[in-house]
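Structure at a glance
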Amino acid sequence: MSEPSSPAPGPDRTRRSRSITVLLPVLGLIAVALCGLFVFGTVTEKVGPLAVGIGVLAALVPVAVVVTAFLWVDRWEPEPPKLLLLAFVWGACVATIIALLLNSGAEAVGDLLLGTGVGGKISGLVSAPLVEEAAKAAFILLLWWRRPIEFDGVVDGIVYAGFTAAGFAFTENIYYFGRAFAEHGFGDGTSAGVLAAFFLRGVLSPFTHPLFAVMTGIGLGVAASSKVRSLRILAPIGGYIVAVLLHALWNGAALLGGAKTFLNVYFLIMVPLFIGVFSVVVMQRRREQRIVAAALPMMVDARWIAPSEVALLASLSGRRSWRKQARKQSGREAAKAVSRYQASVTELAFLRRGRKLTEDAKQRQRELLQVLKTSRAEAVRLADGAPRG
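Within any chain, residue numbers begin from 1 and follow the written order of that chain's sequence. Given that this is a predicted model, residues contribute local features only at a pLDDT of at least 70 and side-chain atom pairs are listed and counted only at 80 or more, while totals for whole chains, interfaces and linings are drawn from all residues. Excluded from the side-chain calculations are hydrogens and water; all other atoms, namely the structure's heavy atoms, are used.

Per an unreviewed UniProt entry, the protein chain is named PrsW family intramembrane metalloprotease, and its organism is Amycolatopsis coloradensis.

Written as structure tokens, this is what we have:
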């Protein structure tokens, strides 16, 4: 006797499922918008609308540099743009408002218990590092928990941490640049105005917040790619502790030390650390290239890709040349189709590397193969329809 088949989902279950998939994202967007309005209103109330406008213009330059840098890091296995945007918005709105409320509370308590002026130092040295790094890391932790397929290594941790920190630094810079303008204008030889603040925060140290957050991102990336239970717990905690200590050291140099102390911390600790993280990124990018190159022969055997495409897919320069040629011969849409094809090949390579596929991974593989097939067909169609020279 055959087993009874599973009943089809009833109307109530369908409605609940739709509520989850539609209502929750809408509520999330509303919450983020309210956070953004609250932060914007708070900053405007403190420094005035003109100063906020100057702050926004000044803050756009360093954030563009930082975002471009992390997009460069993310070239082999590009993360979904909507998740990168969500990471940035989380940092700019949600993490900022959490930090604003808790740091203000810590400052008030410090002033009340230890005297006026002490609370600001306690907030900068203790509360800000603990709260801000936790608020930025919360998004990456949620992503690892809810979308593990999109978060599977150190580079992913670095990229998502970088985007949340870029958003946080963007909002923070608006306030600092705006306050500098409100108090001193653009500045001159005797006062430190917005130009001096821009040099310190936008030129010398645009990567400080991303650098701190990347420590936690590396820890979560190590945990995501490890099967050792103890490492999956200790690596994120260790990364967070390093982020907090670096943040506290940076704030301490600015609050307690003079110019000499600040410059010593900057050149002797922060710059070498930045170079070290950059070296890790370069090594991880080479590792990603090796993973993709090793998977290509299997894809040829499975008839997912053509043998002639292996050389084009095995390097970033080959992929770039392929897209450029497609754009030149068949137009922008053909180049986009080739880009989607290349991205699906990369994700398939990472999905299958040295692991047994779970049911979720098998479903993801089917989706990627469909993208691969349709994007290839689209590129071929556009190439066939292109005018011949």
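Here the narrative resumes, following the displayed structure.
To continue, consider the packing of aromatic side chains. Here a Phe, Tyr or Trp ring, Trp counted by its six-membered ring, pairs with any other such ring whose centre lies within 6.5 Å, and the pair is stacked when the planes are under 30 degrees apart, edge-to-face when over 60, and tilted otherwise. In total, this model carries 13 aromatic pairs according to the counting rule given. Measuring from centroid to centroid gives 4.9 Å for Trp250 and Phe262, while their planes differ by 50°, and the two rings are tilted. In this pair, Trp250 sits in helix H8 (residues 229-255) while Phe262 sits in helix H9 (residues 259-301), placing the two residues twelve residues apart along the sequence. Of the two residues, Trp250 and Phe262, neither departs from the other in class, the shared state being buried. With a centroid separation of 6.3 Å and 50° between ring planes, the pair formed by Trp250 and Tyr266 is classed as tilted. Here Tyr266 lies in helix H9 and Trp250 lies in helix H8, a separation of 16 residues in the sequence. Comparing Trp250 with Tyr266 shows no difference in burial state: the two are buried. Numbering of helices and strands runs from the N terminus, with a helix taken as a DSSP run of H or I at least four residues long and a strand as a DSSP run of E at least two residues long. Only protein chains enter the accessibility calculation, which uses a 1.4 Å probe. A residue is then buried if its area is under 20% of the maximum for its type, exposed if over 50%, and partly exposed in between.

It is worth spelling out the pattern of salt bridges at this point. Salt bridge criterion: a side-chain nitrogen from Lys or Arg within 4 Å of a carboxyl oxygen from Asp or Glu. If you walk through the whole model with that rule in mind, you get eight salt bridges. Between Arg376 and Glu309 there is a salt bridge, with the nearest N and O atoms lying 2.2 Å from each other. Taken as a pair, Arg376 in helix H13 (residues 359-385) and Glu309 in the loop between H9 and helix H10 (310-313) lie far apart in primary sequence, 67 residues in all. When its relative accessible area of 7% is taken as the criterion, Glu309 is described as buried. Two residues, Arg381 and Glu378, come together in a salt bridge whose shortest N-O distance is 2.8 Å. Residue Arg381 and its partner Glu378 are both found in helix H13; the two are separated by three residues, about one turn of the helix. Since its relative accessible area comes to 48%, Arg381 is described here as partly exposed. With a relative accessible area of 26%, Glu378 lands in the partly exposed category. Each of Glu347, Arg364 and Glu367 takes part in salt bridges that share partners, so that together they form one network.

In this structure, Arg303 is a non-glycine residue whose phi angle is positive, near 65°. One can find Arg303 in the loop between H9 and H10. Of the residues examined, Arg303 reaches a relative accessible area of 76% and is grouped as exposed.

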